[in-house]
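Chain by chain, the residues run as shown.
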Amino acid sequence: MFHVDIEKNRTFPAMKASDDLVIVIPDDLIGHASITQLSEALVAYGASCPDIMAQCDFTEEFYQAAHIVACGNLTNNVVIERLYTLRYTFVDTFFPGADGYFIKTISYPFGYGLNTLVVGASDPSGLIQALGGFTRLIETHEGDL
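Since we're looking at a predicted model, the values are computed, not measured.

A. Representation of the packing of helix α1 (residues 33–44) against helix α4 (residues 124–140) in the model. It is the contact of α1 with α4, at a shortest axis distance of 9 Å, that shows an interaxial angle of 15 degrees. By the angle between their directions, the pair α1 and α4 is classed as roughly parallel. The hand of the α1/α4 crossing is left-handed. Of the residues in α4, those in contact with S34, I35, Q37, L38, A41 and L42 of α1 are I128, L131, F134, T135, I138 and E139. Class assignment for the residues of the contact of α1 with α4 results in eight nonpolar, three polar and one charged.

B. Structural context of the layout of surface pockets. One number sums up the size of the largest pocket: a volume of about 150 Å³. Lining of the largest pocket is provided by P26, D28, L29, N73, N76, A121, S122, D123, P124, L127 and I128. A total of three residues in the lining of the largest pocket trace back to one element, the largest contributor, which is α4. Residues of the lining of the largest pocket, tallied by class, amount to six nonpolar, three polar and two charged.

C. Just the sheet that holds strand β2 (residues 51–54), in detail. Spatial strand order, β2-β1-β3-β5-β4: five strands in an open sheet with mixed pairing. Whereas interior strands pair on both sides, the edge strands pair on one side only; in this sheet they are β2 and β4 (101–106). Adjacent strand axes in the sheet meet at a mean angle of 15 degrees when their direction is disregarded. In terms of strand pairing, strand β1 (residues 21–25) meets strand β3 (residues 67–72) through four bridges, oriented parallel. The residue of β3 that forms the bridge with V24 is A70.

D. Structural view of the packing of aromatic side chains. Within this structure, the stated rule accounts for five aromatic pairs. An angle of 45 degrees between the planes, with centres 4.0 Å apart, marks the rings of Y63 and F110 as tilted. Residue Y63 is found in helix α2 (residues 62–65), and its partner F110 is found in the loop between β4 and β5 (116–121); the two are separated by 47 residues along the sequence. Each member of the pair, Y63 as well as F110, carries the same accessibility label: buried. Aromatic pair F95 and F102: ring centres 5.3 Å apart, planes at 70 degrees, arrangement edge-to-face. Within the aromatic cluster, the residues linked to one another by ring pairs are F58, F62, Y63 and F110.

Criteria and cut-off values
Residues numbered from 1 in each chain as written. Predicted model: local features only at pLDDT ≥ 70, side-chain atom pairs only at ≥ 80, totals over all residues. Heavy atoms only, no water. Axes fitted to C-alpha atoms, helices over the stretch in contact; angles between N-to-C directions. Helix = DSSP H or I, 4+ residues; strand = E, 2+ residues; numbered from the N terminus. Parallel < 35°, antiparallel > 145°, perpendicular 65-115°, else oblique. Left-handed = near helix turned anticlockwise from the far one by under 90°. Contact = heavy atoms within 4.5 Å. Nonpolar A, V, L, I, M, F, W, Y, C, P; charged D, E, K, R; others polar. 1 Å grid on protein atoms, 1.4 Å probe; cavity = no way out; pocket = protein on both sides within 12 Å on 5 of 7 lines; lining within 4 Å. Points joined across faces, edges and corners; volume = space filled by probe spheres on them. Pairing = 2+ DSSP bridges. Phe/Tyr/Trp six-rings, centres within 6.5 Å; stacked < 30°, edge-to-face > 60°. Buried < 20%, exposed > 50% of the residue type's maximum accessible area, 1.4 Å probe, protein only.

This is the structure in structure tokens:
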């Protein structure tokens, strides 16, 4: 019989709203009501005012500094573009489709012991729905991400 020993623990470590988070959004969503609602939900469950930044301001140092919540798709978010090329997520202008959205957690994608959560959509209206869905998940799960 063939036996494989797995040396690494492959469980997904818990993420909480109170953890250090960087929320990376498409440039045109700065100040949008859906982002404000998401921020308020995170604060309600223990986050100090989370860092929300336009994807154009994101730098590599953030991969090592905090858990990342990447919103958008391959074409409007540099974090999702990198995850896409590494084959961790396939959110683009075709998937999940018009008005659809996709929420996915990725354990340690960059090797720094920090998780990434993708709130993805193919188009702007889908992303607004995705942000609302993610906000409801935070509220329903009392801050567990």
